[in-house]
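Topology and contacts: notes
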Amino acid sequence: MRVELDPSGHIRPQAAYNWLEESVFDASAEGGWPPERRIAAGFLIFQMRHDTQFFAFPEFGERVRIISRLVETRRFRGTWIQDIVSLNRNLPLIRDYSTGIFVDAAGRPVTPTPEMMNDLQRKDGIIP
């Protein structure tokens, strides 16, 4: 969208973070854990940290693919590696290491169910 661009026609970093956040929730839903199911199971995901490498910025009209992989889980947190790649230029644009913590409705750290972790972590680490 035009509002996601800076004056030079490249994506604003905040827009990329919005895309990445949405991709985690999309990937979780594809793995069988949409927000409603997580809430029913008694936990939420709170974004705690981003460590990001910007190689190039997507340009207006450029087609991109976001690949999200849950690569590490701990008692109260999980880390995703997310890549934004250009389909037009066939090159990596952004790599993000995104760490979220699992909390209950009161905001206290909580351990997600083993069922969810098994559903979201595939052998190859990639959620389709």
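Residues numbered from 1 in each chain as written. Predicted model: local features only at pLDDT ≥ 70, side-chain atom pairs only at ≥ 80, totals over all residues. Heavy atoms only, no water.

1. So, the environment of P92
Definition in use: Helix and strand assignments follow DSSP, with helices taken as H or I runs no shorter than four residues and strands as E runs no shorter than two, numbered in order from the N terminus. Buried, partly exposed and exposed residues are distinguished by accessible area as a fraction of the type maximum, computed with a 1.4 Å probe on protein chains only: under 20%, between the cut-offs, and over 50%, respectively.
Among the structural elements, P92 can be located in strand 4 (residues 91-103). Residue P92 is classed as partly exposed on the basis of its relative accessible area, which comes to 49%. Separated by 83 residues in sequence, P92 and G9 place their C-alpha atoms 18 Å apart.

2. Quick notes on the sheet that holds strand 4
For clarity, the cut-off: Note on pairing: DSSP must find at least two bridges between two strands before they are called paired. Axis definition: a line fitted to C-alpha atoms, limited for helices to the stretch in contact. Angles are taken between N-to-C directions and run from 0 to 180 degrees. Contacts were defined at the residue level, with two residues in contact if any of their heavy atoms lie within 4.5 Å.
On the basis of which strands lie adjacent, the open sheet formed by four strands has the order 1-4-3-2 and antiparallel pairing. Strand pairing shows two members of the sheet lacking a second neighbour, strand 1 (44-54) and strand 2 (64-73), which therefore form its edges. Taking each pair of neighbouring strands and ignoring which way they run, the sheet shows an average axis angle of 20°. As paired elements, strand 2 and strand 3 (residues 77-86) share nine bridges and run antiparallel to each other. What sits directly across from S68, in strand 3, is Q82. Running over the sheet, helix 1 (residues 13-30) touches strand 1, strand 2, strand 3 and strand 4 and is turned about 120° from strand 3.

3. Overview of the nonpolar core
Short version of the rule: What we call a nonpolar core is a set of buried Ala, Val, Leu, Ile, Met, Phe, Trp, Tyr and Cys residues that are connected through their side-chain atoms within 4.5 Å.
Ranked by size, the top nonpolar core spans ten residues in total: V24, A27, W33, F43, L70, W80, F102, M116, M117 and L120. For this core, the elements supplying multiple residues, two or more each, are helix 1 and helix 3 (114-120). The greatest single-element share of this core, amounting to three residues, is contributed by helix 3. Those residues in contact with M117 that lie beyond four places of it in its chain are T73, F102 and P112.

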